[in-house]
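One letter stands for each residue in the lines below.
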Amino acid sequence: MTDNFTNDWNDVLKDEMEKPYFNNLEEYLEEEYRTQRVFPEKRNIFNAMNSTAYKDAKVVLLGQDPYHGEGQAHGLSFSVEKGVKVPPSLRNIYKELQDDIGCEVPEHGNLSKWTEQGVLLLNTVLTVRKGKAHSHKEMGWEIFTDKVIQHLNHREKPLVFMLWGKPAQEKLKLIDSEKHFIIQSPHPSPFSARKGFFGSRPFSRANEWLKRNGEEEIDWCIE
């Protein structure tokens, strides 16, 4: 799977992908893709990193694992391709986006515009079986995404980390909160959005921090 990187993540993560746990993960995934319906497609597993280079990342938006419905996941957390029905979690994100900074709610769910501006749309686990949320947890992905977060934490230029939901917030221990700006809230799913996601104003808060640190703000509005 190392062939999937098309930018500087290849150098950053090359050693990690040669470790025994990752070899075991690759063997497990080969069997899963052969015998089960697994999302996203193999070519999209590392779409988050390929869409946002290590050196270009300004915001890390961390979710749990990919959508497990047919045709939904394409390797970017919370995003779906155009033409796919917008999932409930993303509808709630759009609601908060509208309440926070006034963006009109778009008709599609493709968040690629964010990645082009330095938003890394990462999940803690990068694959899932059809219809079975978090079915690939504790198979090695968490170790891998820990290392991704550690590399970003050690980068000289600080970032914004948005940690949505408990699996994402477990990465908090890997992040220097004095160096980076951390925004925590419940997951935007219908089960938890009203417990603190709504009203958390993550988009305006991220932009305020970026502006204070001399960075260009993110245009969060999706056309």
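In the block above lies the structure referred to throughout.
Residues numbered from 1 in each chain as written. Predicted model: local features only at pLDDT ≥ 70, side-chain atom pairs only at ≥ 80, totals over all residues. Heavy atoms only, no water.

### A look at the state of the cysteines
- In total, this model carries 1 disulfide according to the counting rule given.
- Here Cys103 connects covalently by a disulfide to Cys221, the sulfurs 2.0 Å from one another. Of note, the bridge from Cys103 to Cys221 carries an S-S torsion of about -80° and is left-handed in sense. Highlighted residues: Cys103 in the loop between α4 (88-101) and α5 (112-115) and Cys221 in the segment after α8 (202-212), separated in sequence by 118 residues. (Disulfide = S-S within 2.5 Å. Helix = DSSP H or I, 4+ residues; strand = E, 2+ residues; numbered from the N terminus.)

### Some remarks on the layout of surface pockets
- For the largest pocket, the calculated volume is near 500 Å³.
- Lining the largest pocket are 30 residues, with Asp65, Pro66, Tyr67, Ser89 and His187 positioned closest to its centre.
- Of all the elements in the fold, those that place two or more residues in the lining of the largest pocket are α4 and β3 (119-123).
- The biggest single contributor to the lining of the largest pocket is β3, with 3 residues.
- A breakdown of the residues in the lining of the largest pocket according to their chemical character gives 16 nonpolar, 13 polar and 1 charged. (1 Å grid on protein atoms, 1.4 Å probe; cavity = no way out; pocket = protein on both sides within 12 Å on 5 of 7 lines; lining within 4 Å. Points joined across faces, edges and corners; volume = space filled by probe spheres on them. Nonpolar A, V, L, I, M, F, W, Y, C, P; charged D, E, K, R; others polar.)

### A few points about the packing of helix α2 (residues 20-35) against helix α6 (residues 141-154)
- α6 packs onto α2 with a crossing angle of 130° between their chain directions and a minimal axis gap of 9 Å. The orientation of α2 relative to α6 falls into the category oblique. Where α2 crosses over α6, the two elements pack in a sense that is left-handed. Note on element contacts: α6 touches α2 through Trp141, Ile143 and Phe144, opposite Tyr21, Phe22, Leu25 and Leu29.
- Looking at the contact of α2 with α6 residue by residue, the class counts come to 7 nonpolar, no polar and no charged. (Axes fitted to C-alpha atoms, helices over the stretch in contact; angles between N-to-C directions. Parallel < 35°, antiparallel > 145°, perpendicular 65-115°, else oblique. Left-handed = near helix turned anticlockwise from the far one by under 90°. Contact = heavy atoms within 4.5 Å.)

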